[in-house]
2 protein chains.
Amino acid sequence: MSDKYIALHALLRQINDLEAAAALLEWDEETYMPVGGAAARGRQLGTLKRVAHELFCGDRIGQLLDDLKDEEYDSQSIKASLLRVTRRDYERARRVSADLVSEIASASAAARAAWRTAKEHNDYDHFAPHLRRMVELNVCKGEALGSAERPYDGLLEEFEPGMDADTVTAVFNALRGALVPLVTAFSADSQLEDGFLAEKYPLQAQWDFGIRVLGDIGYDLQRGRQDTSAHPFSTSFSTSDVRITTRLREDYLPAGLFGTMHEAGHALYEQGVDPALEGTLLASGTSLGMHESQSRLWENQVGRSSAFWDHYYGPLQQVFPQQLGGIRQKDFCRAINRVKPSLIRVEADEVTYNLHIMVRYELELQLVGGDLDVAALPDAWNDRMEQYLGIRPETNSDGVLQDIHWALGAFGYFPTYALGNLMAAQLFSTAENAIPELEGYLARGEFAPLREWLTEHVYTYGRRLSANEVLQRATGSALTAEHWLAYVERKFGDLYGIW
Amino acid sequence: MSDKYIALHALLRQINDLEAAAALLEWDEETYMPVGGAAARGRQLGTLKRVAHELFCGDRIGQLLDDLKDEEYDSQSIKASLLRVTRRDYERARRVSADLVSEIASASAAARAAWRTAKEHNDYDHFAPHLRRMVELNVCKGEALGSAERPYDGLLEEFEPGMDADTVTAVFNALRGALVPLVTAFSADSQLEDGFLAEKYPLQAQWDFGIRVLGDIGYDLQRGRQDTSAHPFSTSFSTSDVRITTRLREDYLPAGLFGTMHEAGHALYEQGVDPALEGTLLASGTSLGMHESQSRLWENQVGRSSAFWDHYYGPLQQVFPQQLGGIRQKDFCRAINRVKPSLIRVEADEVTYNLHIMVRYELELQLVGGDLDVAALPDAWNDRMEQYLGIRPETNSDGVLQDIHWALGAFGYFPTYALGNLMAAQLFSTAENAIPELEGYLARGEFAPLREWLTEHVYTYGRRLSANEVLQRATGSALTAEHWLAYVERKFGDLYGIW
């Protein structure tokens with residue numbers, strides 16, 4: 001191994017260590033930090049991130065990359081992958097000036113505060129000037145990262161490397177045409193009884209049931225842990241320390257149960273990365289969409305399936321006999337899969353969820369492209385909601401103000417949620433073909449076959465392959481909405497006895 | 001304020017942020033980290049500490065200190081203090097070569113592993129070569145930090161700035177002459193009944209009682225928190241995030257109760273530092289001895305006093321009626337203050353504890369001074385134990401191998417434990433004079449007068465004053481053993497009705 005490669009590897013590991021430390025500080029902030037710690041914590045995080053960023057963007061990395069340009073590594077080797085991904089990240093990081101980074105950070109701090117107030121008081125005008133500023137600054141960022149003609153692509157590439165707006169638009173268009181009538185069909189059964197999900201479910205029993213499921217699906221609690229936080233998340237400090245949080249609600253069983261499985265999906269991905277990549281920037285999920293595909297796959301394709309509850313419904317009834325003793329498994333499965341157009345994305349069911357994403361994607365694409373003014377955004381939002389979901393928000397708090405992403409400066413982030421749903425279905429249907437009797441395994445609580453297939457075809461690569469490469473290799477085709485539509489038609493058709 | 005001062009302050013804050021992050025990683029390692037996280041955590045800590053060390057030892061700090069040499073700040077100002085303490089730390093840090101630091105680190109890693117094995121198998125010979133190496137390397141370090149003639153002073157100064165071996169020896173000699181007969185007198189009552197302390201005490205009830213006491217004595221749980229760990233400790237990430245851990249034992253009540261108060265004493269010190277010092281190297285305790293004085297003061301002068309239990313014994317009996325319902329307060333107080341020579345330092349009572357320290361201090365002084373060979377250490381240890389405490393270890397595991405400090409390379413650390421005990425008594429007796437009715441306050445569970453006095457005279461200064469300056473200003477005299485002897489004579493004389 002060349003000395004230059006060793007030097008690059010050591011420097012990247014040092015940067016990785018600083019970033020992992022920052023991630024632990026953030027984890028602590030959300031889980032255990034006393035309120036008094038907030039001010040110093042913000043300062044400490046700023047320092048860690050700045051030091052890591054300066055090390056990464058400094059000339060040293062560029063020099064080493066140049067020195068290593070002519071080394072002939074096998075293009076499939078870890079070394080070649082590390083050089084390729086490092087160069088990509090390095091060039092992107094150098095393209096955005098420190099001034100712009102800092103300007104976005106301070107504008108975002110103000111925008112977040114304004115967003116909170118605006119949402120609380122249903123006062124879009126209070127947020128509008130901040131949103132306008134965030135759009136302007138992110139157009140600059142997108143131009144630097146992509147091109148003057150296609151700033152949105154530069155932003156999207158941050159979250160979904162290799163993806164562009166044309167592809168997303170084509171996939172979403174194919175999806176929407178088929179989806180809108182499905183929503184109408186599935187949400188016809190408005191008499192569906194699901195009140196039993198909102199009985200009182202003691203938290204400790206929910207926690208214990210969740211821990212049992214986590215262990216069963218193969219989340220390694222020797223290399224991770226679960227805590228509670230206001231907003232569930234997963235984070236990792238190494239491939240052997242991947243943590244999740246959950247938020248249990250005493251008055252609504254699905255929140256904790258499926259939230260836990262969702263975060264576990266993210267964590268299985270990170271725990272499944274090849275240990276040889278540990279400590280490098282290859283040792284994490286390859287894109288937000290692919291990451292979300294794993295959280296959604298374990299939450300939905302597994303956790304909300306009838307097969308899963310063939311195994312777990314008995315035990316769940318034993319834990320909550322008063323709440324569920326008189327409820328048939330089929331009715332439970334219908335209730336946790338109820339389809340109903342609603343205003344709030346994070347509460348949306350599996351079928352309508354992607355429509356919420358399309359609304360945001362189309363609007364942010366127009367905002368960044370200069371085709372929609374911030375002042376006209378609320379009406380545009382409401383019109384699209386009515387068009388796609390058949391309901392119109394009565395307030396902006398329940399509409400355009402509901403999500404924090406734009407105040408964070410995260411333009412190009414929303415589509416990854418829907419891309420994740422589609423990838424999940426595409427990977428899962430391939431796994432169904434590859435693993436005879438997959439449903440039977442799930443129905444017996446045996447998750448190793450599925451987890452091992454995903455590890456082999458997705459997790460182990462970390463960032464060595466792009467999301468599209470993973471899909472091509474694992475499923476034989478690029479991203480398509482087909483599998484997801486087929487999955488939804490079959491699952492909900494069966495559940496509601498419609499077809 | 002000069003630009004140079006602002007630049008120095010900003011750079012020191014950045015270093016402080018990195019060190020605080022490292023401290024959080026260590027806290028997490030002891031409290032919540034899954035076992036799988038250990039390998040990466042060691043690497044991450046190494047990186048954080050190295051980056052912080054390189055920033056601190058780089059020429060930039062030295063240049064700024066030189067540039068600021070002629071600034072005329074009031075010698076009592078924070079600015080002057082910061083320059084003084086920074087220069088001290090900077091010059092010390094630069095005196096030890098990076099090679100020596102790294103050699104000590106790797107020798108210590110090997111020594112710790114050997115020590116564990118040696119202690120487990122009562123095999124001193126297995127540890128001896130590692131100990132010899134640690135002595136040699138620390139002599140080098142001590143010579144670099146102090147002088148070739150007095151290497152021990154250079155090492156001691158690391159933990160107890162401003163202290164030297166001659167002073168410690170003089171104070172310890174004065175103490176020992178009076179102490180040995182006291183131990184004999186107080187340990188006469190071998191019939192003392194204390195078996196009730198080893199009944200079964202449910203952990204949750206112990207935890208709740210501890211939290212109540214923590215709140216009462218003024219440990220601010222909005223600016224700190226308590227967790228459990230195998231070895232209790234306190235740590236701080238800012239003056240507003242000062243955490244403690246405890247270890248409760250179901251089969252021995254005092255372990256958790258007084259361990260909690262001990263760590264709370266450390267934490268009250270750190271929480272009491274002037275917020276204006278936040279984010280600088282002045283924002284922590286001024287020496288290990290002074291720090292220990294506060295843990296011991298709250299554990300012993302407060303927690304093991306009769307007055308304290310005038311207030312808390314009733315509530316404690318209510319929590320543990322079966323275990324303590326039939327035990328009189330006086331007998332409880334005698335039991336938690338039982339004096340009995342024993343082999344293990346960490347289990348020693350308040351009276352014999354300092355003798356354990358003297359054994360270690362005198363031996364390490366000889367080791368570093370070249371007056372005692374590592375091969376002769378076990379006998380020397382046992383002889384001194386017999387001479388000072390009247391008992392002789394039967395195994396080296398119960399003798400010279402019991403503590404990890406020398407394997408860590410911490411020579412000059414042990415005496416600070418005893419110095420802390422003496423400082424505690426000296427400060428407490430001054431507080432008793434300054435606060436009329438202090439005992440009455442304690443007996444009513446009112447701790448604010450004591451805590452405020454300590455904050456005003458000790459805590460608020462952080463590292464602006466040395467331990468000796470704190471003592472001089474607060475008590476009017478340098479360190480002396482007098483107050484501690486008087487305290488012990490009075491307290492234990494009263495308890496046992498001897499005088």
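From a predicted model like this one, the values you see are computed outputs, not experimental measurements. (Residues numbered from 1 in each chain as written. Chains lettered and ligands numbered in written order. Predicted model: local features only at pLDDT ≥ 70, side-chain atom pairs only at ≥ 80, totals over all residues. Heavy atoms only, no water.)

Asks: In this structure, what is going on with the overall build of chain A? I would like to understand it.
Replies: Counting its regular elements, chain A contains 22 helices and 3 strands. Compactness check: chain A gives a C-alpha radius of gyration of 23 Å against a globular reference of 23 Å for 499 residues, within 12% of the reference. Each principal axis of the C-alpha atoms in chain A carries an extent, and together these give about 70 × 50 × 50 Å. Across the 499 residues in chain A, those meeting the buried criterion constitute 56%. Considering only contacts in chain A between residues 6 or more positions apart, those separated by 24 or more positions represent 73%. Counting every atom, chain A has about 20,000 Å² of accessible surface; 48% of that belongs to carbon and sulfur. (Helix = DSSP H or I, 4+ residues; strand = E, 2+ residues; numbered from the N terminus. Rg over C-alpha atoms; globule rule 2.2 N^0.38 Å. Buried < 20%, exposed > 50% of the residue type's maximum accessible area, 1.4 Å probe, protein only. Contact = heavy atoms within 4.5 Å. Areas by Shrake-Rupley, 256 points an atom, 1.4 Å probe, with all protein chains shown as cover.)

Asks: What exactly am I supposed to notice about the interface of chain B and chain A here?
Replies: Size of an interface, as often reported, equals the accessible area lost when the parts are brought together. Taken together, the contact pairs 37 residues of chain B with 37 residues of chain A. Surface buried jointly by chain B and chain A totals about 2,900 Å² across both partners, of which 57% is contributed by carbon and sulfur atoms. For chain B, the biggest contributors to the area lost against chain A are B:Asp17, B:Tyr32 and B:Arg43; these three give 20% of the whole. There are 8 salt bridges connecting chain B and chain A. Ionic pairing is found between B:Arg243 and A:Asp28, a salt bridge with its closest N-O pair at 2.7 Å. Elements supplying a minimum of two residues to the side of chain B that touches chain A: helix H1 (3–31), helix H2 (38–57), strand S2 (234–238) and strand S3 (241–246) of chain B. Counting residues per element, the side of chain B that touches chain A draws most heavily on H1(B), at 11 residues. (Buried area = accessible area lost by both parts, 1.4 Å probe. Salt bridge = Lys/Arg side-chain N within 4 Å of Asp/Glu carboxyl O.)

Asks: Would you mind going over the relation of the copies chain B and chain A with me for this structure?
Replies: Put simply, the second copy of the chain is the first one after a rotation about an axis and a shift along it. At an RMSD of 0.0 Å, chain B and chain A line up after a rotation of 180° and a shift of 0.1 Å along the axis. The two molecules are tied by a two-fold rotation axis, judged by turn and shift. Residues of chain B ranked by C-alpha distance from the rotation axis are headed by B:Ala21, positioned 3.4 Å from it. (Least-squares fit on C-alpha atoms with pLDDT ≥ 70 in both.)

Asks: Sorry if this is basic, but what is going on with the side chain of B:Arg464 here?
Replies: Residues and elements named next belong to chain B. Looking at the secondary structure, you find Arg-464 in the loop between helix H20 (448–457) and helix H21 (467–475). For the buried Arg-464, which has no salt bridge, the nearest side chain bearing the opposite charge is Asp-274, at an N-O separation of 4.7 Å. Look past the residues within four positions of Arg-464 in its chain and what remains in contact with it is Gln-76, Ser-77, Ile-78, Ser-81, Arg-84, Leu-277, Leu-282 and Glu-469. (Lys, Arg positive; Asp, Glu negative; His and termini not counted.)

Asks: Even after reading the chapter, I still don't get helix H12 (residues 306–319) of chain B, so can you show me in this structure?
Replies: Note: α-helices contain 3.6 residues per turn, so residues at a spacing of three or four share the same orientation. All names here are of chain B. An ideal rise of 1.5 Å per residue puts 20 Å on 14 residues; H12 measures up with 19 Å between its terminal C-alpha atoms. Listed in full, the buried residues belonging to H12 are Ala-307, Phe-308, Trp-309, Tyr-312, Tyr-313, Pro-315 and Leu-316. Of the surrounding elements, those touching the buried residues of H12 are helix H9 (203–217), helix H10 (253–271), helix H11 (288–302), helix H13 (321–324), helix H14 (329–336) and helix H19 (438–443). (Expected span 1.5 Å × (residues − 1).)

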